[in-house]
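Listed below are the residues making up each chain.
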Amino acid sequence: MLKISTRGQYALLIMTSLAEQNPEKYTPLKILSHRHNLSIKYLEQILIQLSKSGLVAGLRGNNGGYKLVKKPSEYTVGEILRSTEGEISVHSTGEGKSISDVGNDFFWNDFDTKINSYLDGISLQFLVEKNKEATGYDYFI
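Residues numbered from 1 in each chain as written. Predicted model: local features only at pLDDT ≥ 70, side-chain atom pairs only at ≥ 80, totals over all residues. Heavy atoms only, no water.

1. Side note on the nonpolar core
And then number 1: Counting 26 residues, the largest nonpolar core has Met15, Leu18, Leu47, Leu50, Val56, Leu68 and Ile80 as the members making the most contacts within it.
And then number 2: Elements represented by at least two residues in this core include exactly helix 1 (6-19), helix 2 (29-36), helix 3 (40-52), strand 2 (65-68), helix 4 (77-85) and helix 7 (124-135).
And then number 3: By residue number, the principal contributor to this core is helix 1, which donates six residues.
And then number 4: With near-sequence residues (within four places) excluded, leucine 50 lies in contact with Ala11, Met15, Leu55, Val56 and Ser83. (Core = buried A, V, L, I, M, F, W, Y, C linked by side-chain atoms within 4.5 Å. Buried < 20%, exposed > 50% of the residue type's maximum accessible area, 1.4 Å probe, protein only. Helix = DSSP H or I, 4+ residues; strand = E, 2+ residues; numbered from the N terminus. Contact = heavy atoms within 4.5 Å.)

Structural data, given as C-alpha cells:
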C-alpha cells in the first residue's frame, strides 16, 4: 500500500518552512517546534534524518539551528519524501503478497513510475510559492 507517513509529511513541511527563511541563517529548533506545534524531540528526529540524507545542515550552540544546504529550487518533493519514507513504490497488496503474485505488473510498474515522476517534478521552491499564494506574504510568530 502506498502511504506517506506523518514523519514524511512533517519532513516536507519543515523543509518548506526552512526554504522560507533567510538561507544564510540557521533557524532554531525551538522556533520550528513552536511554529508547527511539534515536540522538539520528534522534530529533532526528523531533522537528524534530513541531515543524514544531506538535505539540511545543523549547527549547535546559541546561533544554532538548521538550514537548507541547497537552493529550494534544487530540491524535489520526491527526494525529501524518500529521505524519510525510503523508496516510494507499491511493493505489496498489504496482505503479504507481492504485486507479482497478484498480476498486472505492467500497471503497477507504470503506476510507480508516474508517482515518482510527479514527486520528482515538484520543487521545494514551487511549494513555497504556492504557500505564499494561499496565505500571503505576512508571517507572524
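2. Some words on the packing of aromatic side chains
And then number 1: Tallying each qualifying case throughout the model produces four aromatic pairs.
And then number 2: Here the aromatic rings of phenylalanine 107 and tryptophan 108 are separated by 4.7 Å at their centres, their planes lie at 80°, and the arrangement is edge-to-face.
And then number 3: Of the residues examined, phenylalanine 107 reaches a relative accessible area of 42% and is grouped as partly exposed.
And then number 4: Assessed through its relative accessible area of 26%, tryptophan 108 is described here as partly exposed.
And then number 5: On the basis of an interplanar angle of 80° and a centroid distance of 6.0 Å, the ring pair of tryptophan 108 and phenylalanine 111 is categorised as edge-to-face. Separated by three residues within a single helix, tryptophan 108 and phenylalanine 111 lie in helix 6 (residues 105-120), roughly one turn from each other.
And then number 6: Overall, the relative accessible area of 29% leaves phenylalanine 111 in the partly exposed class.
And then number 7: Members of the aromatic cluster, each reached through a chain of ring pairs, are Phe107, Trp108 and Phe111. (Phe/Tyr/Trp six-rings, centres within 6.5 Å; stacked < 30°, edge-to-face > 60°.)

3. Remarks on the packing of helix 1 against helix 3
And then number 1: Helix 3 packs onto helix 1 with a crossing angle of 75° between their chain directions and a minimal axis gap of 10 Å. Accordingly, the angle class assigned to the pair helix 1 and helix 3 is roughly perpendicular. Between helix 1 and helix 3, the contacting residues are Thr6, Arg7, Tyr10, Ala11, Ile14, Met15 and Leu18 on the first element and Tyr42, Leu43, Gln45, Ile46, Leu47, Gln49 and Leu50 on the second.
And then number 2: Considered class by class, the residues forming the contact of helix 1 with helix 3 number 10 nonpolar, three polar and one charged. (Axes fitted to C-alpha atoms, helices over the stretch in contact; angles between N-to-C directions. Parallel < 35°, antiparallel > 145°, perpendicular 65-115°, else oblique. Nonpolar A, V, L, I, M, F, W, Y, C, P; charged D, E, K, R; others polar.)

4. A word on the side chain of threonine 84
And then number 1: On the secondary structure map, threonine 84 appears in helix 4.
And then number 2: Under the relative-accessibility criterion, threonine 84 is labelled buried at 13%.
And then number 3: With sequence-adjacent residues up to four places away left out, threonine 84 is seen in contact with Arg7, Gly8, Ala11 and Gln49.

5. Section: the pairing of strand 2
And then number 1: With burial as the criterion, each face of strand 2 is covered, one bearing Gly65 and Lys67 and the other bearing Tyr66 and Leu68.
And then number 2: Judged from the four bridges that link them, strand 1 (residues 56-59) and strand 2 form a sheet pairing that is antiparallel. Bridge pairing in strand 2 links leucine 59 to glycine 65.
And then number 3: From the end of strand 1 to the start of strand 2, which pair antiparallel, there are five residues, and glycine 61 there has a positive phi angle of about 110°. (Pairing = 2+ DSSP bridges.)

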